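Here's the letter readout for the chains.
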Amino acid sequence: GRRSREEGRWGWGKLIIGAVFTSAATLEADQLTNDPLEYDSDDLELVQVQVITRHGARTPLASSRMDSSIKNLPWDCEDLYLDELHDLVILREGVGKEESYDDYKKVSLHSYGKPKIFANSCVDGQLTRVGQAQMENFGSVLRQRYVKEFKLLPQNFDPSEVYVRSTNTSRTINTARFVMDGLFPASTREPEHNIVVRVREPSNEDMYPRSGCERLSELKASLRNRQSERTIVRSTLFNSIQDPEKRRYWTSRSSTGATNVLDTYRVHNFPLPDGISDDAYFLARQISGRSYFKVYSNDIASRLGLGRFIGQLDKTMNAGVSSSSSSSVSSPTIPHLYLYSGHDNTIGPLLQALRVSKGGDHPAMGSAVIVELWRRKSTGDYKFQVLYWEKELRTVKMPHCHTGMCDMSVWDRRMAQVVCRDYEEECLLD
């Protein structure tokens with residue numbers, strides 16, 4: 001039978017690192033605790049890290065109803081059409097052929113060839129220079145923690161130590177690129193050591209829920225009241241907009257769509273559009289964040305939405321245990337850090353699947369979930385902890401963990417509920 005939803009509390013640890021890029025908190029303040037972090041112990045060693053990030057700040061996605069006031073804001077982007085990223089290489093999973101990003105983008109990215117409709121500088125959905133700096137800063141936070149503090153990674157870039165995967169969009173690929181620039185600046189990379197970003201064909205992508213899964217679509221319809229959300233959007237959030245064309249644009253958006261556009265204003269320090277108050281903006285974020293909770297706090301929805309990707313995280317975790325516990329010199333070595341570059345509908349469902357959020361705000365651009373694998377040297381036992389990056393890097397506590405550092409049995413029990421074993425079969429309607 002279906003396992004009941006776990007309502008356990010989680011808590012923050014003591015890490016305070018990095019700059020603030022957004023003011024909204026995805027994880028709710030009334031759930032915070034101040035448990036001390038166990039990794040201060042000399043008996044614990046860090047053996048593996050998996051980083052799952054949302055892309056950095058971007059331009060809005062284009063819409064036929066979008067008015068010129070949005071397009072004419074002072075957006076600033078790197079020229080998408082310049083061929084200059086010679087050290088960025090794309091590897092298509094399932095094909096096995098490496099190709100330069102400059103070649104790949106011309107034939108495989110939907111954004112290539114689009115007009116620069118945002119301030120004659122950016123195409124829609126493009127990572128901006130603000131987003132580039134945001135993600136490079138996040139990479140420097142990772143460098144401080146995993147290169148300098150815990151020495152999990154070497155000072156200089158070694159391609160065998162890092163695995164990078166992205167969804168098939170320019171903003172996520174370039175997010176991975178700038179995170180890597182912060183993690184391993186150019187001065188630490190040899191010319192022959194390219195940054196290899198693995199991608200999948202859109203039809204095989206599993207880093208966000210797929211609309212083609214019939215059972216998931218039915219579950220979402222039953223668990224989330226879209227009509228109620230739409231009514232709030234139309235009658236409450238944007239009813240103060242005077243211009244009828246602008247009001248039509250904003251009221252035609254879903255709460256998530258509206259939040260994503262408004263987030264592009266806030267993260268670039270643009271004033272909110274006329275008629276949209278701070279209260280309306282924060283309410284839109286809450287409604288959107290709550291919608292992830294309504295759907296993906298259900299284990300079946302979690303399994304169908306992100307369960308295949310979560311299965312990859314679980315497989316990687318188990319490989320880390322096997323690799324670090326093996327004393328054989330012939331045992332295969334695996335990367336110490338895995339970086340996955342995705343979207344809000346990567347982070348939102350993942351937080352729910354791990355039961356570390358009760359439906360806070362919408363996942364911010366540039367936010368990230370980090371899963372660390374630790375080993376106790378005296379006993380050989382393994383533990384894990386989950387961190388969250390938005391304003392700062394903090395630990396979050398999963399249900400049934402006494403502190404942020406959890407026994408592996410907690411991970412295994414959660415994985416048993418949300419890893420999807422047979423996606424095609426489970427997506428079929430009964």
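Residues numbered from 1 in each chain as written. Predicted model: local features only at pLDDT ≥ 70, side-chain atom pairs only at ≥ 80, totals over all residues. Heavy atoms only, no water.

Student: Sorry if this is basic, but what is going on with the environment of I195 here?
Tutor: Relative to the helices and strands, I195 resides in strand β5 (residues 195–199). The spacing of I195 and A176 is 19 residues in sequence and 9.4 Å in space, taken between C-alpha atoms. (Helix = DSSP H or I, 4+ residues; strand = E, 2+ residues; numbered from the N terminus.)

Student: Sorry if this is basic, but what is going on with the pattern of salt bridges here?
Tutor: Should their charged atoms come close, side chains of opposite charge can pair. Going through the model one piece at a time under the given rule, you end up with 26 salt bridges. Its salt-bridge partner being R414, residue D299 comes within 3.1 Å of it at the nearest N-O pair. Placement of D299 in helix α10 (residues 299–325) and of R414 in helix α12 (residues 408–418) is noted, with a sequence separation of 115 residues between them. For R414, a relative accessible area of 2% gives the class buried. Each member of the salt-bridge network shares a partner with another, and the members are E93, R165, R200, E205 and D206. (Salt bridge = Lys/Arg side-chain N within 4 Å of Asp/Glu carboxyl O. Buried < 20%, exposed > 50% of the residue type's maximum accessible area, 1.4 Å probe, protein only.)

Student: Help me out: how do you make sense of the nonpolar core in this one?
Tutor: Nonpolar side chains in soluble globular proteins tend to be buried together. Of all hydrophobic cores here, the largest spans 43 residues; its most connected members are F138, Y146, M180, L337 and I370. Ignoring anything within four residues of it in the chain, the contact list for F138 reads V51, T53, V179, A368, I370 and W389. Listed in part, the 34 residues of the second largest apolar core include I52, L306, A353 and L354. (Core = buried A, V, L, I, M, F, W, Y, C linked by side-chain atoms within 4.5 Å. Contact = heavy atoms within 4.5 Å.)

Student: Can you help me understand the packing of aromatic side chains in this one?
Tutor: Within a pair of aromatic rings, the relevant descriptors are the distance that separates the centres and the angle that separates the planes. Inspection of the entire model under this criterion finds 14 aromatic pairs. Pairing Y163 with Y338 gives two aromatic rings, centres 5.3 Å apart and planes at 40°, and the pair type is tilted. Of this pair, Y163 sits in strand β4 (residues 162–166) while Y338 sits in strand β6 (residues 337–342), and the two are 175 residues apart along the sequence. Neither Y163 nor Y338 differs from the other in exposure class; each is buried. Pairwise contacts between aromatic rings join Y163, F309, Y338 and Y340 into one cluster. (Phe/Tyr/Trp six-rings, centres within 6.5 Å; stacked < 30°, edge-to-face > 60°.)

Student: What is the right way to read the packing of α10 against α12 from this model?
Tutor: Two measures define how a pair of helices packs: the angle their axes make with one another and the distance between the axes. Taken N-terminus to C-terminus, the directions of α10 and α12 make an angle of 135°; their axes are 8 Å apart at the nearest point. In terms of their interaxial angle, α10 and α12 are classed as oblique. Considering how the two elements wind past one another, α10 and α12 form a crossing that is left-handed. Along its contact with α10, which presents D299, S302, R303, G307, I310, L313, D314 and M317, the element α12 presents M408, W411, R414, M415, Q417 and V418. (Axes fitted to C-alpha atoms, helices over the stretch in contact; angles between N-to-C directions. Parallel < 35°, antiparallel > 145°, perpendicular 65-115°, else oblique. Left-handed = near helix turned anticlockwise from the far one by under 90°.)

Student: What exactly am I supposed to notice about helix α7 (residues 244–251) here?
Tutor: Along α7, the positions that sit buried rather than exposed are Y249, W250 and T251. A side-chain oxygen of the first residue of α7 lies 2.9 Å from the backbone nitrogen of E245; this N-cap is D243. (Polar contact = N/O pair within 3.5 Å; in protein donor to acceptor, adjacent residues only side chain to side chain.)

Student: Sorry if this is basic, but what is going on with the environment of R414 here?
Tutor: Each C-alpha atom of the pair R414 and A353 lies 8.0 Å from the other, and the pair is 61 residues apart in sequence. Of the polar contacts made by the side chain of R414, one reaches the side chain of D299; its length is 3.1 Å.

Student: Help me understand the layout of surface pockets in this model?
Tutor: Space left empty within the atom packing is revealed by a probe, the size of a water molecule, rolled over the atoms. Taken as a whole, the largest pocket spans an internal volume of roughly 520 Å³. What lines the largest pocket is a set of 24 residues, among which T256, N260, Y292, D344 and N345 lie closest to the centre. Sorting the residues of the lining of the largest pocket by element identifies α8 (255–267), α9 (278–296) and α11 (344–353) as the ones contributing at least two each. A per-class count over the lining of the largest pocket returns seven nonpolar, nine polar and eight charged. (1 Å grid on protein atoms, 1.4 Å probe; cavity = no way out; pocket = protein on both sides within 12 Å on 5 of 7 lines; lining within 4 Å. Points joined across faces, edges and corners; volume = space filled by probe spheres on them. Nonpolar A, V, L, I, M, F, W, Y, C, P; charged D, E, K, R; others polar.)

Student: Please explain the pairing of β6 as it appears in this structure.
Tutor: Burial analysis of β6 places six of its six residues in the buried class, the great majority of the element. Of the two faces of β6, both are covered, the one formed by L337, L339 and S341 as well as the one formed by Y338, Y340 and G342.

Student: What's the story with the side chain of R143 in this structure? I'm lost.
Tutor: By the secondary structure assignment, R143 is in helix α3 (residues 129–149). There is no salt bridge for the buried R143, and the closest opposite charge comes from E136, which lies 10 Å off by N-O distance. Beyond its immediate chain neighbours, meaning those up to four positions away, R143 contacts K148, Q155, G182, L183, F184, P185 and T188. (Lys, Arg positive; Asp, Glu negative; His and termini not counted.)

Student: What am I meant to see in the state of the cysteines here?
Tutor: Two cysteines form a disulfide when their sulfur atoms are joined by a covalent bond. Counted under the stated rule, the structure contains three disulfides. With a sulfur-sulfur separation of 2.1 Å, C77 is cross-linked through a disulfide to C122. Looking down the S-S bond of the C77 and C122 bridge, the torsion is 105°, so its handedness is right-handed. Taken together, the residues C77 in the loop between α1 (68–71) and β2 (88–92) and C122 in the loop between α2 (101–108) and α3 connect sequence positions 45 residues apart. Accessibility classification places C77 together with C122 in one group, the buried group. One disulfide in the model links C401 with C406; its S-S distance is 2.1 Å. In this structure the cystine formed by C401 and C406 twists about its S-S bond by roughly 120°; its chirality is therefore right-handed. For the residue pair C401 and C406, the accessibility class agrees, reading buried in each case. Cysteine pairing for the chain, with bonded cysteines counted in sequence order: 1-2, 3-6, 4-5. Here C420 is not cross-linked by a disulfide; its sulfur's nearest cysteine counterpart is in C427, at 6.5 Å. Residue C420 is classed as buried on the basis of its relative accessible area of 10%. (Disulfide = S-S within 2.5 Å.)

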